[in-house]
Amino acid sequence: MTFINRNRELAWFEDLVRSLQAGRGSHAAILGLRRIGKTDLVLEFRRHHGTGATSMPYLNLQGSVTTPQRFCLDVLTVLLTDLCWKKKETHVDKLADRSGLDQSIDKATDLLVMSHLLDEELIQDITKLLGLAKNNNYEELFSLTFEIPERIAKKLKIKVLFFLDEFQEIDALKHYGFDPLALLRSVIEKQEHIKYVVTGSVISMMEDIFKDPHQPFFNQFSLLTLQFFDKEHSQKLAKYLWKYEHLKATPEAYTQLFKLTLGHPFYITAVCERAYFEAKYHNDTIDENLVDYAFIKEVLHTDGKLNSLFHYIYNSSLKRAQLK
């Protein structure tokens, strides 16, 4: 999706970095519906600021919370990889994406190699962590995983803004007999060299985590809710997507597009792309009626992006309800 607007949110990120560099800083959480652009926002900020003095590792938790071992190894792998790049250890790219019969062995080896590149004392921590992982000592493993980033950041005299995408997925680790949120808070609440920015698309779960007074992270994170686009920026995105010499879009088409999508960036993108491919059957003209048709087809047809998204949300919600 094309990056449009979000200047206020990007400025918010810049404030987080400045505060962290000044020795203060706070953890932060971004809430927003699925496909509203949270990941795009994070990646856009990292694209322009990730080469600066602050390390900005990124991890999407979907797929990383299958086991505590996988999650902990993934957290440290993305962190140490980013720190190695900061130290100009460019040959680290040969480590992180190897494909093997047992990826956990690859990751363990990579962590030890990167530890050696960064700091000799770090090898002891990683060796201990790998032992805890092997012995299924989940609570100590989890705690050490989030103690190590502060230690290494302090030793290297660097600040770290760690992005954890789809943070609500961490709740799945409760099935291993420990409370990941309570443990995480006990470890990171006093840390000074590293702060976490988390995002989540299951708003009800994210609100429970950060707004429920009975939860460990109540009032511990600065919150930002990502909103839909207004009419102006919805039209700006649509104009970009419909920018072809042979294509004409009427003013009514833009009005109807905003009315149907309410400014949701992904909905706009899906309907605009559908309308573009259908326009060749309408004299290369997109009008109000074609926008209506494109929206209905996206929602109801099995190959529609909106149809697929809504099915995914429904099935995911059903699965969560069954687990409870």
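Whatever comes next refers back to the structure up there.
Here we summarise the structure given alongside this text.

Analysis parameters
Residues numbered from 1 in each chain as written. Predicted model: local features only at pLDDT ≥ 70, side-chain atom pairs only at ≥ 80, totals over all residues. Heavy atoms only, no water. Helix = DSSP H or I, 4+ residues; strand = E, 2+ residues; numbered from the N terminus. Buried < 20%, exposed > 50% of the residue type's maximum accessible area, 1.4 Å probe, protein only. Contact = heavy atoms within 4.5 Å. Phe/Tyr/Trp six-rings, centres within 6.5 Å; stacked < 30°, edge-to-face > 60°. Lys NZ or Arg CZ within 6 Å of the ring centre and 35° of its normal. Core = buried A, V, L, I, M, F, W, Y, C linked by side-chain atoms within 4.5 Å.

## Here's the deal with the environment of Leu112
Residue position: Leu112 is located in helix 5 (residues 103-118). Classification of Leu112 by relative accessible area gives partly exposed; the value is 32%. In this structure the C-alpha to C-alpha distance between Leu112 and Ile126, which are 14 residues apart in sequence, comes to 6.6 Å. Apart from residues lying up to four places away in sequence, Leu112 is in contact with Ile123, Ile126, Thr127 and Leu130.

## Concerning the packing of aromatic side chains
Taken as a whole, this structure holds 19 aromatic pairs when the rule is applied. Centroid distance Phe71 to Phe142: 5.9 Å. Interplanar angle 20°. Geometry classified as stacked. Linking Phe71 in helix 3 (residues 68-86) with Phe142 in helix 7 (residues 138-156), this pair joins segments that are 71 residues apart in sequence. Summarising the burial analysis for this pair, Phe71 and Phe142 share the class buried. For the pair Trp242 and Tyr254, a centre-to-centre distance of 5.4 Å together with 55° between the ring planes defines the contact as tilted. Pair noted here: Trp242 is in the loop between helix 10 (231-241) and strand 6 (248-249) and Tyr254 is in helix 11 (residues 251-261), with a separation of 12 residues, a long-range link. We note Lys239 situated over the ring of Tyr254; from NZ or CZ to the ring centre the distance is 5.9 Å.

## Comments concerning unusual backbone geometry
Positioned with a positive phi, Asn136 is a non-glycine residue whose angle comes to about 60°. With respect to the secondary-structure elements, Asn136 resides in the loop between helix 6 (120-134) and helix 7. The class of Asn136 is partly exposed, set by a relative accessible area of 42%. Of note, Leu262 is a non-glycine position whose phi angle comes to about 60°, a positive value. One can find Leu262 in the loop between helix 11 and helix 12 (265-278).

## Comments concerning the nonpolar core
Core analysis: the largest hydrophobic core is formed by 54 residues, its most contacted members being Phe71, Phe142 and Phe167. If near-sequence neighbours (up to four positions away) are discounted, Phe71 is found in contact with Leu61, Ser64, Val65, Phe142, Phe146, Ile170 and Leu173. Counting 24 residues, the second largest nonpolar core, distinct from the first, contains Ile4, Leu241, Ala275 and Leu290.

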